[in-house]
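The lines below spell out each chain.
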Number of protein chains: 2
Amino acid sequence: MIGPGKAELLGLIRDTGSISAAGRAMGMSYKRAWMLVEEMNAAFAEPLVFSARGGQGGGGARLTATGETVLALYAEILTLAATAAATPLAALEGLLRPRGQSDSADGK
Amino acid sequence: MIGPGKAELLGLIRDTGSISAAGRAMGMSYKRAWMLVEEMNAAFAEPLVFSARGGQGGGGARLTATGETVLALYAEILTLAATAAATPLAALEGLLRPRGQSDSADGK
């Protein structure tokens, strides 16, 4: 329904007032940003994003009240989850390869 | 580093003893399954999957001790996170469109 990418897109739509500007800020095509918005609007009982489609500059976009609520709930879930799972999360991160150390010359 | 898709792939590699069988069970190409395994092996200080590449049947694959630990930590993180965030998660789910109800004829 919503994950890190869609949540970031929602936040950027709120901040920029534009679906295309929000997608651009994430290095995403206009088409993909629209597709994600349409997926979110279809997944929830009420749309999350209201947009004035077309026109010069492509109209504008803003979050609906439901969109604001979804974004706030998502942030709350992340905070609660990160706090509760801090110990195994730190253990998992401790198993990662140290940054800057790589097994290939090109850093991949 | 690891998310739902990679965790599912790891679990299926453990269960099937094969990267290609695990990928197939997820409807994933052989190439993509290998790429995800290589990403995981590169992201962690120790490889998560040991594989005997090539040969008839493509060799076999199994999780390393680190791979087992990563999978166990991931499951623990999910459980703790879901418990801690149960209230806002339920609120978020309550905003979803009821299943079977769609705004388009083809159910998309």
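Positions within a chain are numbered from 1, following the residues in the order the chain's sequence is written. For naming, the first written chain is A and the first written ligand is 1, with later ones following in the order written. Given that the model is predicted, a residue must reach a pLDDT of at least 70 before its local features are reported, and side-chain atom pairs must reach 80 or more before they are shown or counted; all residues, however, enter totals for whole chains, interfaces and linings. Only hydrogens and water are removed before side-chain values are computed, so all heavy atoms of the structure are retained for them.

1. A look at the interface of chain A and chain B
Inference 1: Residue contacts are defined here by distance: any two heavy atoms, one from each residue, within 4.5 Å place the two residues in contact. Tallying the contact residues gives 25 residues for chain A and 25 residues for chain B.
Inference 2: Buried area is understood as the total, over both parts, of accessible area removed when two parts are fitted together, assessed with a 1.4 Å probe. In total, about 2400 Å² of surface goes out of reach between chain A and chain B, with carbon and sulfur atoms giving 79% of it.
Inference 3: Considering only the surface of chain A that becomes buried against chain B, A:Leu92, A:Leu95 and A:Arg97 emerge as the three largest contributors, covering 24% of it.
Inference 4: Think of a salt bridge as a Lys or Arg side-chain nitrogen and an Asp or Glu carboxyl oxygen that are within 4 Å of each other. At the surface where chain A touches chain B, the tally comes to zero salt bridges.

2. Some words on helix H4 (residues 65-84) of chain A
Inference 1: Numbering of helices and strands runs from the N terminus; a helix is a DSSP stretch of H or I covering at least four residues, while a strand is a stretch of E covering at least two. Here a helix's expected span is defined as the number of its residues, less one, multiplied by 1.5 Å. If you check H4(A), its first and last C-alpha atoms are 29 Å apart, about what 20 residues at 1.5 Å a residue would give, namely 28 Å.
Inference 2: In the core, the buried residues of H4(A) are packed alongside helix H1 (4-16) and strand E2 (61-63) of chain A together with helix H4 (65-84) and helix H5 (86-94) of chain B.

3. Some points on the pattern of salt bridges
Residues and elements named next belong to chain B.
Inference 1: All chains considered together, the criterion is met by six salt bridges over all chains.
Inference 2: Measuring nitrogen to oxygen at the nearest pair gives 3.7 Å for the salt bridge that ties Arg14 to Asp15.
Inference 3: Only protein chains enter the area calculation, which uses a 1.4 Å probe; residues under 20% of their type maximum are buried, those over 50% are exposed, and those in between are partly exposed. We classify Arg14 as partly exposed; its relative accessible area is 43%.
Inference 4: A relative accessible area of 59% places Asp15 in the exposed class.
Inference 5: The residue Glu68 makes a salt bridge to Arg14 at a minimum N-O spacing of 3.6 Å.

4. Some words on the relation of the copies chain A and chain B
Inference 1: Least squares is used to superpose the copies, and the fit set is the C-alpha atoms of residues whose pLDDT is at least 70 in both copies. You can overlay chain A on chain B at an RMSD of 0.0 Å; the transform is a turn of 180° with a shift of 0.0 Å along its axis. Viewed as a symmetry operation, the transformation between the two copies matches a two-fold axis. No C-alpha of chain A approaches the rotation axis more nearly than that of A:Ala81, which lies at 2.0 Å.
Inference 2: Here 96% of the contact residues of chain A are again contact residues in chain B; the copies associate through an equivalent surface.

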